[in-house]
Structure formats: C-alpha cells, structure tokens
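Overview (structure and organization)
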Amino acid sequence: MAIDTARVEKFRKRTIDGQAFKRLVEAGLTWLRTNQQVVNSLNVFPVPDGDTGTNMSLTLQAAWNEVKDLGTNHLGEMAAAFSKGALMGARGNSGVITSQILRGFSRGVHDSAVLSVDAFAKALGEARDTAYKGVVKPVEGTILTVIKETANAAEAARGSVKDAVELLEVAVKAADEAVKKTPEMLPILKQAGVVDSGGKGLYFFLEGMLRHIYGESLETPTMQVQPLSAMSLEGAMEDVEEGQDYEIVVDFVPTGELDLAAFYGKLEEMGTSIQVGEGDGMYRMHIHVPTENRYVPIDYIMGIGTVTKVAIENLMAQMDDIQKSKTTQIQFGAVEPGNIAVVVVSPGIGISRIFASLGVAAVVAGGQTMNPSTQDILSSFENMPTDKVIILPNNKNIVMAANQAKEVTVKSVQVVPTRTVPQGLAAMLSFDPSGDVEAIAAKMNKAMSNVKTGEITVATRSVEIDGVTVKDGQVITLLDGKLVASEETVEAGMLALLEKADAAEHEIVTLFFGEDMPHVEANRIADVIRVKYSNLEVEVQEGGQPHYQFILSIE
C-alpha cells in the first residue's frame, strides 16, 4: 500500500471513539463490497453458486444500517449496535460466523469509551473465542483460523505496539498470512486451488479499515477476470446501491491486449458492481450505473475494441419483477393456535408449492446464492398464532442462520438440519401438526436420512476434485454434496449420477427441473431414465430453482 504518512500520524494521535470506529467499519464494509466478487469466486466446487462475498457483505450492510444514524461517541455502545445489526442480518454460514466475531468483539469493548491497544487486543480475543464456541465442530483452514491467528498476533503484540493503528497493522498482516495458509490446513481447498473464501472476506474487512487510515482508495477492486461461466449476474441484484439505475452488460473483443488496471479504473469512474469475465478471447463487462451514465461504458468499450453484444436493463424494474415473483400467491394452510407450524426455505416457486401442499405454514425464499438472513427466518414465524415452530433450512449454508433465529425468539423452535430440498420433503412426510414438537422434530430428523440427493449444474472453472476432472462449461453432477461426475450433456450427466447413486437398488426418483430447463426436455430425460431403469418409478416436478438444471430425490 502507498501510505499517506501525514494522514496516518493524525490517526495515531486521535482517540478511536464510537464515531471513529463507525468510520472504520464503514471503510471495511466498502472494501469488502468492492471485492465481493473476488470472494464469491473462491468456491471449492466449480458450481455457479459462490456466495460468501455476497453473504458477508449483506451481513455487514445490515450491521451498518443499525449504526449509520447512531450519534453515540461511546465505543462500546457503537460496537454493541453494530453487533446487533449483524446478528439479525446474518446470511449463510460465513455471515453467521462474522456476526459471532462481531458479537465477541462487542463484548470485549463493552465498557470501553475508546479503542485502546489493550481493549483492541482483548476484543479480538473475545471475537476468536465467541466464533469458535458458535460452531459445533470447528474446522481449521476456514474463517475461524483467520480470526484465531489474527487475535493471537494482536495479543502477542499488545505490549510492544504504540497505538491501536499499529495493532491494526499487525492484525491485517496476520489475517493475510493466515488466509494464504488455509489450503495447507484444508485439503479440499488445495485440491480446488483456492484459499478459504470466508477468511478472505474477513481479511478484506480488516484491510479496508487500514486502507482508510492509509488514505488508499476503497473503490477500486483487486483486479480479477473470471471465466464467463462464473459470472454471477443474478447475485449482483442482491445489493443494488442507491442511485445505480441501470445494469449494463457488454460483450466485446479488445483490439489489443486488455490493460486490466486501466479498464477497472475507468469503470470505477462510471458505476459500481463491476464484474469482468473472459472466455476464448471475448470479454464480458457488467456494471451498475446512474441514468446519466447508461451509455458511457458502451462508448468507452467501443473505443478499445469491437462490441459484439449489449444488454441494458432498468434495475428498478428488475427489482420490482423480483419482488413480484417472490410474492407469487401460494395457498398455505391456516395455523391453529397450539399446533406446530413448519417453516421451510425453498429455492424455487415449484418447490415452494410442493411444500405448501405438504402442510408447511410459511416459505422463506432462499437457497444457493440467496441465503436468507436470521431476520428473514425470524419474521416468517414471529406473528403466527402458535409458539411451536419447526424450521427446515434445506441447505447446509442456511442451518446456522436458522439456529440463530431459534436463539433470538421466545417461541419453542426446533431446527431440523435438512441440508437439501429432498431431505426437507422427506422430513415433511413425518409431520403431524397436533403432535409434540420435540417428538415430531425427532421423527423428521430420522426421516430425512432416508433419501439421497442429486444435483446437476454446469462447471464454472476447470479443476480436479475427488478424482473427478472437470473442464469449464461441462455438466457436473453432485451426490449428497460430493462431486461424482462430469459429462458433456445433461442427459449423460443424469445417467452418470444415477449410476453413482446405485439407482437400480432404489424405487423412486423425482426430478425437480430448474427455471432454465424446458418441461419438454425434462420429460424426455425422464423417459430415457425409464428405459434404462425399468424398475424405477420416475416422477417429474417443476422446481423453478436457479443454477441447477435438476435436483433429484432418490428413494
């Protein structure tokens, strides 16, 4: 980093009270959001659902919303409010762990009016301890390792640094080094050729604070060109910023070699939510811009290459359409006072309808790339006329947020840790609304193990994992979360998946087809399965889920 030494000296002489802390966390959030797509791209599996950067950004945005208008100068009060916002806004496992880190930090500075060296070191130690306690089975090589190494370094340096700024420098360096070591601790990261995404997100948050002190830009992201198939344009809709009215996507072939630094620099002057993808020499640029700038990126790119395709979308209209689709009417049964209400998380409208037909009381829209927050889950049942609730998360990355919702409500809530939609559907077959809530939850826990889950999608990068070699753009299949095959077509992927699942030894296969899979094609593939596995009963249902051509339930 290029350091503005005069600016740094001013910071060293100032006390970091509540308002100064607020500016630091805002800088951390800004820098994380700037590099959100970098974090999203650090996905172990080559599937189009990397969402760690989005989840952490939205969690910290909720925390920021809690403090942005808070006028207190007391550090402890500011940190407590920031922690509260993160707790309720936490999304995904990375967001929940981030909220636990902030909860511990808040405890460490509870009685501190300003951030002294001792208070800072103590708070990082509390952040480490709270994060580890919040995870049932802590895994090293993750965000947990990064906060641990950061806190350990801060505690060791407590007696030798002069001020909180110097301790922040120690913390950022330790976080950076810890992130780089994560592949050596977690073999799956090494196989995938990535560092831990949650740890990297935490590093960006801390680094953003330091960049603010150094006078460095927080708006120019760490430059990255990702494969075209890895670009998550749907995820960009999660955090449309005020004043960004249009989404512009331009495909182009540069005249010469693309100067990435200059390209990013120009785009930063125009708008936000920048993504750049490349495939076979063609580039794709994505950006959100205000109305007056909607043609500026196109004109600029025409000056450096040949434009092959342009898409311009009104963001506000898109957001309205998304909200309308989320509120598509589904008929839910009435919840009787004293009965059990089941709340499920569902990734698609078709799957939501099926859950409704099985008797769920509410559906929270969510799944891969769109993890609901603790508050989203809490709001789904808080006003129901019963204090007995069962939550089915139906995604491994939503279980922690569901448990956090359980902790902050006065109702009697059971979380049945379903990790897939088929597990959730299997669990619902044991539902009895008039039964004992703990007994019914136990039956659901047992029932969800009676089903295997298959998933079919398209690879976003080339990699070799678990002995399976994958090329960018190939169809890949997962069985109970493990990568098992890569093929050239969805049909071939389906047959490979069923073979790996020992389909011949099962009785029923249900195909939930995704939003981009035509019903006719889903029926054709089902007929292929019926020919190959004459013993199987094959059902086809509309799922409506994004990214995944099929989700399979194998019973």
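Residues numbered from 1 in each chain as written. Predicted model: local features only at pLDDT ≥ 70, side-chain atom pairs only at ≥ 80, totals over all residues. Heavy atoms only, no water.

Quick look at the side chain of Thr386 now. Along the chain, Thr386 turns up in the loop between helix 16 (374-381) and strand 8 (388-392). From its side chain, Thr386 meets the backbone oxygen of Asn339 in a polar contact 2.4 Å long. A polar contact of 3.2 Å, which involves the side chain of Thr386, links it to the backbone nitrogen of Lys388. Excluding its chain neighbours within four sequence positions, the residues that come into contact with Thr386 are Val335, Glu336, Gly338, Asn339, Ala341 and Lys411. (Helix = DSSP H or I, 4+ residues; strand = E, 2+ residues; numbered from the N terminus. Polar contact = N/O pair within 3.5 Å; in protein donor to acceptor, adjacent residues only side chain to side chain. Contact = heavy atoms within 4.5 Å.)

To continue, consider the environment of Glu149. As for its position among the elements, Glu149 is in helix 8 (residues 143-157). Counting along the chain gives 24 residues from Glu149 to Gly125, while the straight-line C-alpha distance between them is 9.9 Å. In this view, Glu149 contacts Ala174, Ala178 and Lys181; residues no more than four positions away in its chain are not counted.

Taken N-terminus to C-terminus, the directions of helix 20 (residues 490-500) and helix 21 (residues 519-532) make an angle of 40 degrees; their axes are 10 Å apart at the nearest point. Classified by the angle their axes make, helix 20 and helix 21 are oblique. Judged by the twist between their axes, the crossing of helix 20 over helix 21 is right-handed. Contacts from Val490, Glu491, Met494, Leu495 and Leu498 of helix 20 reach helix 21 at Arg524, Ile525, Val528, Ile529 and Lys532. Of the residues that constitute the contact of helix 20 with helix 21, the class distribution is 7 nonpolar, no polar and 3 charged. (Axes fitted to C-alpha atoms, helices over the stretch in contact; angles between N-to-C directions. Parallel < 35°, antiparallel > 145°, perpendicular 65-115°, else oblique. Left-handed = near helix turned anticlockwise from the far one by under 90°. Nonpolar A, V, L, I, M, F, W, Y, C, P; charged D, E, K, R; others polar.)

The next thing to look at is the pattern of salt bridges. Two side chains carrying opposite charge are able to pair once their charged atoms lie near each other. Going through the model one piece at a time under the given rule, you end up with 17 salt bridges. Of the charged contacts, one joins Arg91 and Asp376 as a salt bridge, the two residues approaching to 3.7 Å between their closest N and O atoms. Here Arg91 is found in the loop between helix 5 (75-89) and helix 6 (92-108), whereas its partner Asp376 is found in helix 16, with 285 residues between them in sequence. With relative accessibility at 19%, the residue Arg91 sits in the buried group. A relative accessible area of 32% means that Asp376 is categorised as partly exposed. (Salt bridge = Lys/Arg side-chain N within 4 Å of Asp/Glu carboxyl O. Buried < 20%, exposed > 50% of the residue type's maximum accessible area, 1.4 Å probe, protein only.)

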